[in-house]
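Single-letter residue listing:
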Amino acid sequence: MSLHDNRICIFCGNKPNETTREHVVPYWALEYTGDPRRVVTFGHNYKTGKSISYSWSSFVAPACDTCNGRYSKLEEDAKDAVLLLSARKPLLVSQYITLMDWLDKVRVGSWLLRHMIEKHPASLKPNFYIDSRIAQKDRMVAVYFFDKGRGINLLGTDSMIFGDMPSCFGMRINDILLLNASTDFFCSAGCGLPHPTSITFLNDMARIRLDGIGYSKDVSNPITPIRLCKPAAWLYQPIRLPSEDKAFSGGYYGHTNLHDSRITSRTFSHDERQAALFQQKPGMVEIHRNKHHQVEFDEVKGADITPFFEIAATVYDTQIYLHNFISYDGGDASYRSERLENTNHFATLYRAQRVSK
Ligand SMILES: [Zn+2]
């Protein structure tokens, strides 16, 4: 089922019976940041070549009524977390998990909707929807605070890498910016959990192949080579992939021993799938295993305070990093370099704005 021809529910991928519409950027966030009917530009129509202007309030996608209802609790809890951050109040570990679930939802929703409204030439047949992408892959969030007025921005959703691989985006909500990333096993190695030693996309990302098992004794510092401007909070969470391979007696990829104390010390109790939160702090990593604990902010001051445009540029840098984190077998190499060049161009444009301001 292609996104162009059929109305599909962005949560489950089925054809909805109802005419329910889901606000991909939730309505509460639109109201909180200004007039929900304000018009903004969202990429361009590949068929007509014209840029697409849209009112935020019509940035909606088809959804089943029941699917939509299933996410209302997540929306409420995410709103609480965002408002706390806006008030510069620290979140609990459990609230960061909620926030990352919600960012998975907005990121994948924006990707699906972008393909629906842009008439993308690749006529995408997605093999996942929101339901199948929440808390399913290693993920990360970085929190930034600004002195900024009201407004909302989606960063990174316009690049060619994002069009094919919605693995990283940024979301500014008034005076905070959340930089979010998620892809297979990108932080498992650094967090000292079993992981494939190589990940390969086959046939233009149609399938993924995992090879080898790595499992380091220690947690790395830094956790990954991803370079960000200093955030107030920077958290990683590895997500373990279930495996039916009999060699993995723990039931997860690379987990060969049912009673592995190292895994226990790096995951939440009673939840082997979701690892603990690993907080990247200056010069060290702190592991949060208690969901009721508070995650303290790092102080960002002086030369560490980075302009908005520079942080925006790092969204594209991170997309490039994650794109190259995976190997490619087959597919169109020149299209791949075009995709990289395009994404790098966005980073350059944002950096140029930094200079001119
Ligand atoms: Zn549905």
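Rules of the game
Residues numbered from 1 in each chain as written. Predicted model: local features only at pLDDT ≥ 70, side-chain atom pairs only at ≥ 80, totals over all residues. Helix = DSSP H or I, 4+ residues; strand = E, 2+ residues; numbered from the N terminus. Contact = placed C-beta atoms within 7 Å. Pairing = 2+ DSSP bridges. Axes fitted to C-alpha atoms, helices over the stretch in contact; angles between N-to-C directions. Buried ≥ 20, exposed ≤ 12 C-beta atoms within 10 Å, placed from the backbone. Domains from an automatic or database assignment. Nonpolar A, V, L, I, M, F, W, Y, C, P; charged D, E, K, R; others polar. Core = buried A, V, L, I, M, F, W, Y, C linked by C-beta atoms within 7 Å. Expected span 1.5 Å × (residues − 1). Arc of directions from axis to C-beta.

### Some thoughts on the overall build of the protein chain
- Helix and strand counts for the protein chain stand at 8 helices and 16 strands.
- Restricting to contacts in the protein chain with at least 6 residues of sequence separation, those with at least 24 account for 72%.

### Quick look at the sheet that holds strand β6 (residues 152-155)
- As summarised here, the arrangement of the 7 strands in space is β6-β7-β8-β5-β11-β14-β15, forming an open sheet in which the pairing is antiparallel. Whereas interior strands pair on both sides, the edge strands pair on one side only; in this sheet they are β6 and β15 (284-288). In this sheet, neighbouring strand axes are inclined to one another by 20° on average, regardless of whether the strands run parallel or antiparallel.
- The strands touched by helix α7 (residues 308-325) are β5 (139-145), β6, β7 (168-173) and β8 (176-182); relative to β7, the strand with the most contacts, the crossing angle is about 160°.

### Overview of the sheet that holds strand β16 (residues 327-329)
- Ordered by their spatial adjacency, 3 strands build an open sheet running β10-β9-β16, and the pairing between neighbours is mixed. For this open sheet the edge positions go to β10 (207-211) and β16, each flanked by a neighbour on one side alone. Each neighbouring strand pair of the sheet contributes to a mean axis angle of 30°, computed without reference to strand direction.
- Relative to β10, strand β9 (residues 198-202) is paired through 5 bridges, and the arrangement is antiparallel. Looking at the pairing, Thr 200 lines up with Arg 209 of β10.

### Here's the deal with unusual backbone geometry
- The step from Asn 221 to Pro 222 runs through a cis peptide bond, and the omega angle for that step is 0°.
- Here Pro 222 shows up in the loop between β10 and β11 (233-237).
- Phi is positive for Ala 135, which is not a glycine, with a value near 55°.
- Positive phi is not limited to glycine here, since Phe 185 has a value of about 55°.
- With respect to the helices and strands, Phe 185 occurs in the loop between β8 and β9.
- We classify Phe 185 as buried; it has 24 C-beta atoms within 10 Å.

### Things to note about the domain arrangement of the protein chain
- Once the domains are mapped, the protein chain shows domain 1 (1-129) and domain 2 (137-357).
- Put simply, the middle of domain 1 and the middle of domain 2, counted by C-alpha atoms, are 20 Å apart.
- Every contact between the two is made by 27 residues of domain 1 and, on the other side, 34 residues of domain 2.
- At the level of elements, α1 (27-33), α3 (72-86) and α4 (93-118) are the ones that each hand at least two residues to the side of domain 1 that touches domain 2.
- Top element by residues in the side of domain 1 that touches domain 2 is α4. It accounts for 13 residues.
- Considering only residue class, the side of domain 1 that touches domain 2 consists of 16 nonpolar, 7 polar and 4 charged.

### Quick look at the nonpolar core
- Core analysis: the biggest nonpolar cluster contains 76 residues, and Ile 10, Tyr 96, Leu 99, Val 141 and Leu 235 have the highest contact counts within it.
- Considering each element in turn, this core owes the most residues, 12 residues, to α4.
- Shared between two domains, this core takes at least three residues from each, and those domains are domain 1 (1-129) and domain 2 (137-357).
- When neighbours within four sequence positions are excluded, Leu 99 is seen to be in contact with Ala 78, Ala 81 and Val 141.

### As for α4
- Taking 1.5 Å per residue as the helical rise, α4 with its 26 residues ought to reach 38 Å, and the 37 Å between its terminal C-alpha atoms agrees with that figure.
- A large share of α4 lies buried, amounting to 19 of its 26 residues.

### Observations concerning the environment of Ile 199
- Note that Ile 199 resides in strand β9.
- Judged by the 18 C-beta atoms lying within 10 Å of it, Ile 199 falls in the partly exposed class.
- For the pair Ile 199 and Gly 69, spaced 130 residues apart in sequence, the C-alpha separation works out to 36 Å.
- Not counting residues up to four positions away in its chain, the partners in contact with Ile 199 are Asp 184, Phe 185, Ile 208, Leu 210, Ile 326 and Ser 327.

### Here's the deal with α3
- Helix length check: α3, at 15 residues, gives a terminal C-alpha distance of 21 Å against a target of 21 Å (1.5 Å per residue), a fit within 8%.
- Within α3, the full set of buried residues consists of Ala 78, Ala 81, Val 82 and Leu 85. Considered in projection along α3, the buried side chains sweep an arc of 100° and stay on one side of the axis. Structural note: α3 exposes Ser 72, Lys 73 and Glu 76 on the side pointing more than 90 degrees away from its buried face.
- Packed against the buried residues of α3 are α4, β5, β7 and β8.
- The first or second residue beyond α3 is Arg 88, which carries a positive phi of 65°.

### Describing the environment of Thr 41
- For Thr 41, the position within the fold is in strand β2 (residues 39-44).
- Given 10 C-beta atoms within 10 Å, Thr 41 falls into the exposed group.
- Setting aside residues up to four positions removed in sequence, Thr 41 forms contacts with Ser 51, Ile 52 and Ser 53.

### Things to note about the environment of Gln 294
- Note that Gln 294 resides in the loop between β15 and α7.
- Its 13 C-beta neighbours within 10 Å are what place Gln 294 among the partly exposed residues.
- Expressed as a C-alpha distance, the spacing of Gln 294 and Arg 70, which sit 224 residues apart in the sequence, is 27 Å.
- Residues in contact with Gln 294, not counting those within four places in the same chain, are Pro 90 and Leu 92.

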